[in-house]
Amino acid sequence: MKSLNIKFTVSAIAITAAFCLAACSNIGVQGSSSGTDDATILFDFEAAPSGYMLKADNADYDIKTKSGSEKLLINFKTEKGLSKAGMIMDTPFDWSGYDGFNIAMDAENPTSDAVFLYLRLVDEDGTFQHRGFTVPANANGTYYGVLKGLGQPIEAGMNELPPVWDNDETMMIFRWGDLGPSFDWSKIKEVSFFTRGTIADTSIYIDNIRIRENPPIPDDHLTGLVDEFGQNAKVDFPIKVKSEAELKAAADKELADLEQIPQMPDRSKFGGWKDGPKLNATGYFRTEKVDGKWWMVDPEGYLFFSHGVANVRMANLTTTTGIDFKNDSVRYVDPNEVTPEDSMGIIKVSEKVRESRFVTSPKRHNMFTWLPDYDDALADHYSYRRSTLRGPVKSGETFSFYRANLERRYGQNEPESYISKWVDVTLDRMKSWGFTSFGNWVDPAFYPNEEVPYFANGWIIGDYQTLKPDLDIWGPIPDFYDPKFAERADVTISVIAEEIKGSPWCIGVFIDNEKSWGNPNAPDETRYAVILDAFSKSTSESYAKAEFSKQLKEKYATVTALNAAWETQFNTWAEFDVGFKPERFPSALIDDMSKLYEGFSEQYFKIVEGTLNKYLPNHIYMGARMASWGMPKETIKAAVKYSDVMSFNIYDEGIKNNGWDFFADINKPVIIGEFHIGAISDTGLFHPGLVMAADQSDRAQMYKDYMKTVIDNPYLVGAHWFQYVDSPITGRAFDGENYNVGFVSGTDIPYPEMVDAARNVMRDIYPYRYNK
């Protein structure tokens, strides 16, 4: 078995003369060797720029002599959130004649902290691809991204694939952009680098940017990836388990550790600061500004800061096996369900349904070295996904290696006794590691607990009308004017109320997550895509269009007035009511769309807040968990009116005035619903998550740095790490996420660096924040 090494070196086949002329005709150095492999150099910075322009945005650059050659030095700035520098072509590159190729470069980090940066490729039409990589502190190496020849990772059901070649270069991680046919390889206009969401200025040297043909893809690239414990079968890493005896020994050792380090001594019954000031006690959690800082206040009146892990549940930890069933009954969805597909727990499949078993994806099925027979004791951990968001299968059998490992780890004295043990151990971990609460999406099995406070959650799903946003990450946005939406909100929130039974241990309630409200940085004609989609419909088919038509008729007394403002030519209001698509976007139209969108957003928050007050009047409404790509100003303004706490999912390296300074303007308590950092160099996993560290030690330090920016912010009352357990290495069934983002691995073994970091952060959090 190989030792863990996710790097490789490629001695690439020399690019043909024809390709070289097409790809390199507009740059200063053509077809020269890098000195370490045969490749076509795009930029080596030995001569003055020719055929391209160096350009920077919130960064600066210089050509410096280092280690005997000229290199591009980029100094990234943290001030504005995004810092970028790179090359803009006079004449675009043409790489269209290449079937399988990669881009590589040499990078050197002269600083004492790891640098997480992105490679950005942009075609002439503005379509882009982003890949990420981390250069460790005071280190150098060669980094590459496969541009063509592997297919899209999600076609294999994963957000990233394993490294292709076993050498000493590091493969970049695809982050986001267009991998489809709309990306024009014949017109590459920009090759640049950027950082985002950093908390300190940093620098990097770049050299020998080059294009190379891919070596042959190994036949077993995606075969036999996963061992019987759900781990990488092909590499070793520090916490890898090799036997059930080893797994049980690790459990015994951890349980002894938890006994030695129980809850932090300065905590109240509910996790608040018992050594600090005592405020008015209401019997439930609430918020209050104290000496210029927002805090939560626990039921006994002690100051409280919410920090813990989110997604502490079994749902969404299964991976597809490549098996499906022809019997359609297994795909039936009850229209009255209140739990979305990705939040479902184990779904049992009957023997009758299994009789119709067939291999729907040989690629997926061959990834596993072991799956239990249906009569095996561990077959209880099979489940089923009736639908997926993306990937090679639209539905199919799944398996939870995590649940199977819990059964191996703790045994089963009675049906699912290992689940009860898992609940107990998890509660002990939260207290021992210093966490004051769970985050969102805690398994309802924890709701009756009276040891660690939690947040309840729900999704408003149902058969209501929807509208299409410009950036549709998780699905279309509901039409909040459809009466069915309010009906479904009532159903969902009434179920939540039944589950938590008025418990004071429930801090508050999150409803929904990362809705596609619209990209605040998009042009007006796409930022208001939801409004434009409604405009395109008739008032008879769309509740939103009917409401918008009503409001516009109230503002503009005549259609002539509307035409004058919008530069349109409607003869009657009836023409507007049928549906239209604007050809121009004058300021009056933009202003009206903004106002309509604020009202549309307000309709959502008004319904949710009103229903929560009906069923759960004593619990905090925690807001809508907005993502940075879905938080337009209109929605934020509406949320402020109705939310007790504003919630945002912030996947940056920390919280600085790089887009989050508006917290001061809204002057409400804010909580971070999600953040994480991951690493792949010492985990056996293929994707680090949304923020990348060099290794587990660096990951722990980045976590501490992030939390310091949170604790220092007077508006933040908490932050929740996403998530408790690593994603399955072969991708979670719903959408392919295969991230190292857990505090524990898929074998339920904690990452020791992260545990130590959490204890370090939380040991003195209360006196530090209060006295700062």
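In this text, all values refer to a predicted model and were calculated from it rather than measured experimentally.

Novice: I tried to follow the overall build of the protein chain on my own but got confused; where do I start?
Specialist: Along the protein chain, the regular secondary structure elements total 18 helices and 31 strands. The C-alpha radius of gyration computed for the protein chain amounts to 27 Å, which stays within 12% of the reference 28 Å derived for 772 residues, consistent with globular compactness. Here the C-alpha coordinates of the protein chain stretch approximately 80 × 75 × 65 Å along the principal axes. For the protein chain, buried positions account for 61% of its 772 residues.

Novice: When you look at the nonpolar core in this model, what are you seeing that I'm missing?
Specialist: Nonpolar side chains in soluble globular proteins tend to be buried together. Counting 156 residues, the largest nonpolar core has Phe535, Phe648 and Tyr703 as the members making the most contacts within it. Among the elements that line this core, the one with the most residues is helix H13 (residues 587-615), at 11 residues. The residues touching Phe535, leaving out its near neighbours within four places in the chain, are Lys545, Phe548, Leu552, Trp566, Phe576, Gly579, Phe580, Leu589, Met593 and Leu596. Counting residues in hydrophobic clusters, the runner-up holds 37 residues, among them Val115, Phe133, Val135 and Ile204.

Novice: Could you clarify how one ought to interpret the sheet that holds strand S27 (residues 620-621) in this entry?
Specialist: The strands that make up a sheet are held in pairs by hydrogen bonds between backbone atoms, and each pair lies either parallel or antiparallel. The strand order S23-S26-S27 describes an open sheet built from three strands, whose pairing is parallel. With one partner strand each, in any of the chains shown, strand S23 (454-458) and S27 form the two edges of the open sheet. Examined bridge by bridge, strand S26 (residues 506-511) and S27 share two bridges and lie parallel to one another. Residue pairing in the sheet places Gly508 in a bridge with Ile620 of S27. With respect to the sheet, helix H7 (residues 483-500) is in contact with S23 and S26, its orientation differing from that of S23 by roughly 150°.

Novice: I would appreciate a short explanation of the side chain of Glu653 in the present structure.
Specialist: Relative to the helices and strands, Glu653 resides in the loop between strand S29 (646-649) and helix H15 (663-666). In this structure, Glu653 is buried with no salt-bridge partner, the nearest side chain bearing the opposite charge being Arg196 at 8.5 Å. Once you skip the residues sitting within four places of it in the chain, Glu653 turns out to touch Phe116, Gly197, Thr198, Ile199, Val691, Met702 and Tyr706.

Novice: Whenever I open this one, helix H6 (residues 417-432) confuses me. Can you help?
Specialist: A turn of α-helix holds 3.6 residues, and therefore any two residues three or four places apart point the same way. An ideal rise of 1.5 Å per residue puts 22 Å on 16 residues; H6 measures up with 23 Å between its terminal C-alpha atoms. Counted residue by residue, H6 has 12 buried out of 16 residues, so it is predominantly covered. Each element contacted by the buried residues of H6 is listed here: helix H2 (244-260), strand S17 (306-310), helix H5 (401-410) and helix H17 (752-763).

Novice: What's the story with the packing of aromatic side chains in this structure? I'm lost.
Specialist: To describe a pair of aromatic rings, one takes the distance between the centres and the angle between the planes. Inspection of the entire model under this criterion finds 73 aromatic pairs. Ring geometry for Phe183 versus Trp185: centroids 4.6 Å apart, planes at 65°, classification edge-to-face. Each member of the pair, Phe183 as well as Trp185, carries the same accessibility label: buried. Measuring from centroid to centroid gives 5.9 Å for Trp660 and Phe663, while their planes differ by 40°, and the two rings are tilted. The pair Trp660 / Phe663 is uniform in exposure class, with both members buried. Over the ring of Trp441 we find Arg625, and its NZ or CZ is 4.6 Å from the ring centre. We note Arg625 situated over the ring of Phe510; from NZ or CZ to the ring centre the distance is 4.8 Å.

Novice: Which parts of the structure should I look at to understand the packing of H7 against H13?
Specialist: Between two packed helices, both the angle of their axes relative to each other and the distance between the axes serve to describe the pair. Taken N-terminus to C-terminus, the directions of H7 and H13 make an angle of 35°; their axes are 9 Å apart at the nearest point. Judged by the sense of rotation from one axis to the other, the crossing of H7 with H13 is right-handed. On H13, the residues touching Phe485, Ala486, Ala489, Asp490, Ile493, Ser494 and Ala497 of H7 are Tyr604, Ile607, Val608, Thr611, Leu612, Lys614 and Tyr615. Here the residues of the contact of H7 with H13 are counted per class, giving 10 nonpolar, two polar and two charged.

Novice: Just to check I follow, could you spell out the environment of Asp705 for this structure?
Specialist: Following the sequence through the fold, Asp705 ends up in helix H16 (residues 696-711). The class for Asp705 is partly exposed, based on a relative accessible area of 31%. Note: C-alpha distance between Asp705 and Ala638 (67 residues apart in sequence) is 32 Å.

Novice: Just to check I follow, could you spell out the pairing of strand S31 (residues 716-722) for this structure?
Specialist: Regular strands have side chains that alternate between both faces of the sheet. Taken across its seven residues, S31 has seven buried, putting it largely inside the fold. As paired elements, S17 and S31 share five bridges and run parallel to each other. Pairing of Val309 across the sheet is with Trp721, part of S31. Pairing geometry for strand S30 (residues 670-675) and S31, over four bridges, is parallel. Bridging across to S31, Val670 finds its partner in Leu716. Handedness of the crossover joining S30 and S31 through H16 is recorded here as right-handed.

Novice: Is there a simple way to think about the packing of H2 against H6 in this case?
Specialist: Close contact between H2 and H6 brings their axes to 9 Å; oriented N to C, the two are set at 45°. In terms of their interaxial angle, H2 and H6 are classed as oblique. Of the two possible hands of crossing, H2 and H6 adopt the one that is left-handed. Residues Glu254, Leu255 and Leu258 of H2 lie in contact with H6, whose contacting residues are Lys421, Val425, Asp428, Arg429 and Ser432. A class-by-class count of the residues in the contact of H2 with H6 yields three nonpolar, one polar and four charged.

Novice: Help me out: how do you make sense of the pairing of strand S6 (residues 101-108) in this one?
Specialist: Counting buried residues along S6, eight of its eight residues qualify, which places the element largely inside the surrounding structure. In S6, alternate side chains face the same way, and those of Phe101, Ile103, Met105 and Ala107 on one face and Asn102, Ala104, Asp106 and Glu108 on the other are all buried. When S6 meets strand S9 (residues 140-148), the two strands line up antiparallel, connected through eight bridges. If you follow Met105 over to S9, its bridge partner there is Tyr143.

What counts, and at which threshold
- Residues numbered from 1 in each chain as written.
- Predicted model: local features only at pLDDT ≥ 70, side-chain atom pairs only at ≥ 80, totals over all residues.
- Heavy atoms only, no water.
- Helix = DSSP H or I, 4+ residues; strand = E, 2+ residues; numbered from the N terminus.
- Rg over C-alpha atoms; globule rule 2.2 N^0.38 Å.
- Buried < 20%, exposed > 50% of the residue type's maximum accessible area, 1.4 Å probe, protein only.
- Core = buried A, V, L, I, M, F, W, Y, C linked by side-chain atoms within 4.5 Å.
- Contact = heavy atoms within 4.5 Å.
- Pairing = 2+ DSSP bridges.
- Axes fitted to C-alpha atoms, helices over the stretch in contact; angles between N-to-C directions.
- Lys, Arg positive; Asp, Glu negative; His and termini not counted.
- Salt bridge = Lys/Arg side-chain N within 4 Å of Asp/Glu carboxyl O.
- Expected span 1.5 Å × (residues − 1).
- Phe/Tyr/Trp six-rings, centres within 6.5 Å; stacked < 30°, edge-to-face > 60°.
- Lys NZ or Arg CZ within 6 Å of the ring centre and 35° of its normal.
- Left-handed = near helix turned anticlockwise from the far one by under 90°.
- Nonpolar A, V, L, I, M, F, W, Y, C, P; charged D, E, K, R; others polar.
- Right-handed = clockwise from strand over helix to strand, strands pointing away.
- Parallel < 35°, antiparallel > 145°, perpendicular 65-115°, else oblique.

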